[in-house]
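# Structural characterization, general
One letter stands for each residue in the lines below.
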Amino acid sequence: MTRYPKRIVCLTEETTETLYLLGQGDRVVGVSGYTVRPPEARLKPKVSAFINAKFDKIEALRPDLVLAFSDLQADLVAELARRGLNVVVFNQRSVAEILQMIWMLGGLIGCAHDAEALANRLSAGLDEIRNAAARFPARLRVFFEEWDDPLISGIRWVEELVEIAGGAPIFPELAGARLAKDRIVDPAEVARRDPQVIFASWCGKKMKKATIQNRPGWDRVSALREDRIYEIKSTYILQPGPASLTDGVRRIHSILRTALGQPSE
């Protein structure tokens, strides 16, 4: 038996991307069907969606480690454990916890030094964006919607990244709510809080601008009057991993900069 795992199955994208960034993509033997980053990972066998998996296919890959994410995959984890597989479940919900996940994963696979270097690079990149946003003349009110019906918002790492990028989330009180059902918001309350920018990332479903524009009472919302409705692909922002700390936050920052009429840096 080798000292560290050599055959790893990742049931979500963020651990896959992290392993590749650590130079360990060759250890990945199975991935989620939703995996996009990095593109070469899509060549690996696809063994799961988000809440279901092909257990026999996973077993056939002979993994010595399976990586999962959140309570939503608890049933998958339980079945894999019953089948005698080693499973580690991460549950990162904040920027700090995303960085911690990277450190922990590095330790699991014997790459602690490389993982610390990666986490430090990601953290430094966030500091650069935070410092640039501090020079904005104002912070625009931002509504980030994760789903359209029911309307869901406030997932913690996204709200933190909106703040880092220079925006002001309109539902800061939801940051501690871990479950989606606890982050359902009233469309009328969104309109009352009058966001100046709306970001939509409908968890893998393409955003339909007309759906947002046609909500009752939203014609008076500043974001609609100023035509500031933007889609951010879920793979860039709703995956609590390197993608959200790089491309996701940069995209938000760039849009806010443009909305404020600030020159590019």
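Rules and cut-offs
Note that residues are indexed from 1 along each chain, following the sequence as it is written. The predicted nature of this model means local features are confined to residues of pLDDT at least 70 and side-chain atom pairs, given and counted, to a pLDDT of 80 or more, with totals for whole chains, interfaces and linings taken over all residues. Hydrogen atoms and water are omitted, and side-chain values are computed over all heavy atoms in the structure. In this analysis, rings of Phe, Tyr and Trp, with Trp reduced to its six-membered ring, are considered paired at centre separations within 6.5 Å, and the interplanar angle assigns stacked below 30 degrees, edge-to-face beyond 60, and tilted for intermediate values. Working definition: helices are DSSP H or I runs of at least four residues, strands are E runs of at least two. Numbering for both runs from the N terminus. Throughout this description, buried means an accessible area under 20% of the type-specific maximum (1.4 Å probe, protein chains only), exposed means over 50%, and partly exposed covers the range between. Charge over a ring is defined by NZ of Lys or CZ of Arg lying within 6 Å of the ring centre and within 35 degrees of the ring normal. Polar contacts, as used here, are pairs of N or O atoms within 3.5 Å; protein pairs need one atom able to donate a hydrogen and one able to accept it. Residues neighboring in sequence count only if both atoms are side-chain atoms. We call two residues in contact whenever any of their non-hydrogen atoms come within 4.5 Å of each other. Should a side-chain nitrogen of Lys or Arg be within 4 Å of a carboxyl oxygen of Asp or Glu, the pair is scored as a salt bridge. Residues grouped as a nonpolar core are buried Ala, Val, Leu, Ile, Met, Phe, Trp, Tyr and Cys residues, joined through side-chain atoms within 4.5 Å. By the convention used here, strands pair only if DSSP detects at least 2 bridges between them. Each axis is a line fitted through C-alpha atoms, and for a helix only the stretch in contact is used; angles between axes span 0 to 180 degrees, taken between their N-to-C directions.

### Description of the packing of aromatic side chains
A full pass over the atoms with the stated rule returns 4 aromatic pairs. Each ring, one from Phe 143 and one from Trp 218, has its centre 6.3 Å from the other, and the planes form 80°; the classification is edge-to-face. In this pair, Phe 143 is assigned in strand β6 (residues 141-148) and Trp 218 in the loop between α8 (209-213) and α9 (222-225), connecting sequence segments 75 residues apart. Measuring from ring centre to ring centre gives 6.1 Å for Phe 199 and Tyr 230, while their planes differ by 40°; the resulting arrangement is tilted. Separated by 31 residues along the polypeptide, Phe 199 in strand β9 (residues 197-200) and Tyr 230 in strand β10 (residues 229-231) bring together distant segments of the chain. With relative accessibility at 0%, the residue Phe 199 sits in the buried group. Counting every residue linked through ring pairs, the aromatic cluster contains Phe 143, Phe 171 and Trp 218. Sitting over the ring of Trp 147, Lys 205 keeps its end group 4.1 Å from the ring centre.

### Considering the side chain of Glu 145
Considering the arrangement of structural elements, one finds Glu 145 in strand β6. A relative accessible area of 0% means that Glu 145 is categorised as buried. Polar side-chain contacts of Glu 145 include one of 2.8 Å to the side chain of Arg 215. Ignoring sequence-local partners within four residues, the contact set of Glu 145 consists of Leu 151, Ile 152, Ile 198, Phe 199, Ala 200, Ser 201, Trp 202, Ile 212, Arg 215 and Trp 218.

### Some points on the side chain of Thr 35
Relative to the helices and strands, Thr 35 resides in the loop between β2 (28-32) and β3 (46-48). Overall, the relative accessible area of 0% leaves Thr 35 in the buried class. One polar contact links the side chain of Thr 35 to the main-chain carbonyl oxygen of Ser 32, over a distance of 2.9 Å. With residues up to four places along the chain from it excluded, the contact list for Thr 35 reads Glu 13, Thr 16, Ala 41 and Arg 42.

### Side note on the pattern of salt bridges
On inspection of all chains with the given rule, the structure shows 21 salt bridges. Each of Asp 56, Glu 59, Glu 79, Arg 82 and Arg 83 takes part in salt bridges that share partners, so that together they form one network.

### Topic: unusual backbone geometry
The omega torsion across Arg 37 and Pro 38 is -15°, close enough to zero to call that bond cis. The residue Pro 38 is located in the loop between β2 and β3 in this model. Positive phi values are uncommon outside glycine, yet Arg 62 reaches one of about 55°. Along the polypeptide, Arg 62 turns up in the loop between α2 (55-60) and β4 (65-69). Judged by relative accessible area, Arg 62 falls into the exposed class, the value being 58%. Positive phi, close to 55°, is recorded for Asp 227, a residue that is not glycine. Structurally, Asp 227 is set in the loop between α9 and β10.

### A few points about the nonpolar core
If you look at the biggest cluster of nonpolar residues, it comprises 49 residues, and the most contacted ones within it are Leu 161, Phe 199 and Leu 256. By residue number, the principal contributor to this core is helix α5 (residues 112-133), which donates 7 residues. In this view, Leu 161 contacts Val 95, Leu 126, Ile 237, Ser 244, Leu 245 and Val 249; residues no more than four positions away in its chain are not counted.

### Brief notes about the pairing of β6
Of all 8 residues in β6, 6 are buried, a share of seventy percent or more. Across 2 bridges, the pairing between β6 and strand β8 (residues 168-169) is parallel. Counted as the bridge partner of Arg 141 is Ala 168 from β8. Sheet analysis places β6 next to β9, joined by 4 bridges and oriented parallel.

### Details of the sheet that holds strand β5 (residues 87-90)
Reading across the sheet, the 5 strands line up as β3-β2-β1-β4-β5 and stay open at both edges, with parallel pairing between neighbours. Of all the strands in the sheet, just β3 and β5 have a single pairing partner and so form its edges. Taking each pair of neighbouring strands and ignoring which way they run, the sheet shows an average axis angle of 25°. Sheet topology places β2 next to β3; 2 bridges connect them, and they run parallel. Along β3, the bridge assignment pairs Val 31 with Lys 46. Across the sheet, helix α3 (residues 74-82) lies against β4 and β5, angled at about 165° from β5, the strand it touches most. Contacting β4 and β5, helix α4 (residues 95-108) crosses the sheet at an angle of about 165° to β5.

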